[in-house]
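# Coordinates in review
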Amino acid sequence: MKRVLTILVLFLLVPQIVSAGALDKYRSMLENRSCTIKYEIAYQDKNIKNNDDLGIFYQKVMDKVEAENMGAPKPMGIIVLQGENSYTQNDGYCLLTRNGYEYPYVVATHKGKVDYYGNHTGVGASFHSVKGAPVNELERLMYGVTYGDEEITTIMRVICPETRALNRGKVYWRAASGSLEGGISYEDYQWAGDNGDVDLMRFYFNAGELMKVSTVHYEKLGPNRVAGMHTTIKFHEFSSTPDEKYLTLPSRLKDVTKYAK
Amino acid sequence: MLSKKTLAIAMALMLGVSFVPPKTEAGSTAMLVFSDKTRFDAAKGAEVLSELMLEKLVNSGKISFKDNVLLNSASVQQLYGEDMEFYKLINSCRATGNYNPVFESYKFNPAYANSIDLAKEGDIVEPRLLKRIGEESGVRYVLQGTIERYGTDRDDSTVSGVANAIFGLSGLFGLMGSVSTDTKTLAVTCTVRLLDTTTGKVVYSRRAMAREKIADVKVLDANVGADEMNTKMFYNVMDKVADKLAGEILADVAAHKLPAELGK
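Here goes a summary of the coordinates provided.

The rules behind each value
- Residues numbered from 1 in each chain as written.
- Chains lettered and ligands numbered in written order.
- Predicted model: local features only at pLDDT ≥ 70, side-chain atom pairs only at ≥ 80, totals over all residues.
- Heavy atoms only, no water.
- Helix = DSSP H or I, 4+ residues; strand = E, 2+ residues; numbered from the N terminus.
- Buried < 20%, exposed > 50% of the residue type's maximum accessible area, 1.4 Å probe, protein only.
- Contact = heavy atoms within 4.5 Å.
- Areas by Shrake-Rupley, 256 points an atom, 1.4 Å probe, with all protein chains shown as cover.
- Buried area = accessible area lost by both parts, 1.4 Å probe.
- Salt bridge = Lys/Arg side-chain N within 4 Å of Asp/Glu carboxyl O.
- Polar contact = N/O pair within 3.5 Å; in protein donor to acceptor, adjacent residues only side chain to side chain.
- Nonpolar A, V, L, I, M, F, W, Y, C, P; charged D, E, K, R; others polar.
- Phe/Tyr/Trp six-rings, centres within 6.5 Å; stacked < 30°, edge-to-face > 60°.
- Lys NZ or Arg CZ within 6 Å of the ring centre and 35° of its normal.
- Axes fitted to C-alpha atoms, helices over the stretch in contact; angles between N-to-C directions.
- Parallel < 35°, antiparallel > 145°, perpendicular 65-115°, else oblique.
- Left-handed = near helix turned anticlockwise from the far one by under 90°.
- Pairing = 2+ DSSP bridges.

### Re the overall build of chain A
Secondary structure summary: chain A contains five helices and 15 strands in total. Every one of the 261 residues in chain A was classed for burial, and the buried ones make up 39%. Within chain A, counting contacts between residues at least 6 apart in sequence, those at least 24 apart form 54% of the total. Of the roughly 15200 Å² that chain A leaves accessible, carbon and sulfur atoms contribute 56%.

Right under this line is the structure:
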């Protein structure tokens, strides 16, 4: 009888153990800080918009930008980690961290041509110059490692939880796992706040390879009033080899950093 | 043997029962009370704007509404509270541990709008609820609008400084002291949509922004005009945006850009 029970328990546990490992290899890539991740925001909406009491001039600028970008594919998101050096690109905003300095710049496509714009402003400054600043270790200690915007950082921190920061943010736990039609398997994670806020995340795997993640974030605004956001991110690459071409400044940009002697 | 008279009555009764006018004939449109997704929803701007729009469209005599009243049923409120419905679904899934109803739902299908307030032309909005609204009200099309944004602007200028610089009227204004104006602007942006209740599809959509200004002129210590945004200004800007949107809808009806059932 004991043997039957043991077999039954193992039979029930095996799928859990197998699916628990689906994110492990991605977790170790982030922990070892050796990876190249390329992703695309396939779907995102947000019911809370920055729509309150805006300046009319700003509204017009926003409308123009929105109209120009309507239907245009969103630029690819990139994360490259190589030891202490890293590169993140999210919605055109880039941050290169190299040899203890951070270089923020913007990549934009204008009339089919890719161009780069730096952060160095002021009289006589070129649009294409970048002034780096030493990595803010205190900020990293306080808030942990970031990987781009809040959404992708949250996803990466579910894959590889932030353990060193003083303010670790939301802690997700595994809620479910299973499989869908066509050999797709999934793992679900959730977080819930005391006030009724709730976040869910579903990681999709095809033959063990992470293919996409869907997230929902619901914020409780009051009795019978919530605001939700839904996002789907598709992964085009999640490999353990850092793509070194992203770990140097683009040749279009001039480094005007004043380095400590 | 039935008499001819009895037969005629029976025939008339049978015909009367079988002849139900199709719902897509004249009067196949209704207007939903608008929604306001801004922080200022308590100002009831959505109600004011939808009433003004309905009044303008009905008075034009060009749109065929089933009833000249705004729809604000429980189903309409449910349509506007779609996020809350999904939130309830999430919590029920958390209780069961099965999250498929959340992640494998239409919420992640790009063909569907996440909510009616974000829906663009061609998007599908909650087909189940819209079908119910159509059946309850006996219409095929519903007009709906969302107040998307309120905007403000402020412009201070001192007339004496400008006058001195351009016309050299320093003597005159020197006597009067400075004359200053403080102009405040309130703008409202609204999108209206026409939805087909049989499919939930947004078949038409227009967006407009209107603005209203008030000026407070100060001469010596006397004020002329108003220095704070007021109810009249709020009503006027709503009237202007309703005018713009109704004008566009009527022009598009005349140009046959909207379904034929809408026109009279």
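### Examining the interface of chain A and chain B
The figure often quoted for interface size is the accessible area lost as the parts come together. Each side of the interface is counted separately: chain A has 42 residues, and chain B has 36 residues. Where chain A abuts chain B, roughly 3400 Å² becomes buried across the two surfaces, and 53% of that area is made up of carbon and sulfur atoms. Connecting chain A to chain B are one salt bridge. Across the salt bridge formed by A:Arg202 and B:Glu104, the nearest N and O atoms sit 2.8 Å from each other. On the surface where chain A and chain B come into contact, there are eight residue pairs in polar contact (both at pLDDT 80 or more). Taken together, the elements giving at least two residues each to the side of chain A that touches chain B come down to β1 (34-46), β2 (54-55), α3 (56-69), β10 (173-179), β11 (184-192), β12 (198-206), β13 (209-222) and β14 (225-239) of chain A. Counting residues per element, the side of chain A that touches chain B draws most heavily on β14(A), which supplies seven residues. In terms of residue class, the side of chain A that touches chain B is built from 17 nonpolar, 13 polar and twelve charged.

### Details of the pattern of salt bridges
Here the structure, examined in full by the defined rule, presents 20 salt bridges over all chains. Across the pair A:Asp24 and A:Arg27 runs a salt bridge whose closest N-O atoms are separated by 2.7 Å. Of this pair, A:Asp24 and A:Arg27 both sit in helix α2 (residues 24-31), three residues apart, which is roughly one turn of that helix. Given the relative accessible area of 21%, A:Arg27 is considered partly exposed. The partner of B:Asp196 in a salt bridge is B:Arg140, and the shortest N-O contact between them spans 2.9 Å. Here B:Asp196 is found in strand β5 (residues 179-196), whereas its partner B:Arg140 is found in the loop between α6 (127-137) and β4 (141-158), with 56 residues between them in sequence. Classification of B:Asp196 by relative accessible area gives buried; the value is 5%. The structure contains a network of salt bridges with shared partners spanning B:Arg206, B:Glu248, B:Asp252 and B:Lys257.

### What to know about the packing of aromatic side chains
Residue and element names in this part refer to chain A. Considering all chains together, one arrives at eleven aromatic pairs over all chains under this definition. Among the aromatic residues, ring-to-ring pairing joins Tyr-87, Tyr-105, Tyr-116 and Tyr-246 into one connected group. Above the ring of Tyr-186, the side-chain terminus of Arg-202 is found at 3.6 Å from the ring centroid. Its end group placed over the ring of Tyr-204, Lys-212 keeps NZ or CZ at 4.6 Å from the ring centre.

### Points about the packing of helix α2 (residues 45-60) of chain B against helix α9 (residues 231-254) of chain B
In a pair of packed helices, the angle between the axes and the distance between the axes together describe the arrangement. All names here are of chain B. One can describe the packing of α2 onto α9 by two numbers: an axis separation of 9 Å at closest approach and a directional angle of 45 degrees. By the criterion of interaxial angle, the relationship of α2 to α9 is oblique. α2 and α9 meet at a crossing whose hand is right-handed. Between α2 and α9, the contacting residues are Gly-45, Val-48, Leu-49, Leu-52, Met-53, Lys-56, Leu-57 and Ser-60 on the first element and Phe-234, Tyr-235, Met-238, Asp-239, Val-241, Ala-242, Asp-243, Leu-245, Ala-246, Ile-249 and Leu-250 on the second. Class assignment of the residues belonging to the contact of α2 with α9 gives a composition of 14 nonpolar, two polar and three charged.

### Focus on the pairing of strand β5 (residues 93-98) of chain A
Remember that side chains alternate between the two faces of the sheet whenever the strand is regular. Residue and element names in this part refer to chain A. As paired elements, strand β4 (residues 85-90) and β5 share five bridges and run antiparallel to each other. Within β5, the residue paired with Ser-86 across the bridge is Thr-97. Where β5 meets strand β6 (residues 101-110), six bridges bridge the pair, whose relative direction is antiparallel. Along β6, the bridge assignment pairs Leu-95 with Pro-104. Two successive antiparallel strands, β5 and β6, enclose a turn made up of two residues, where Asn-99 displays a positive phi of approximately 50 degrees.

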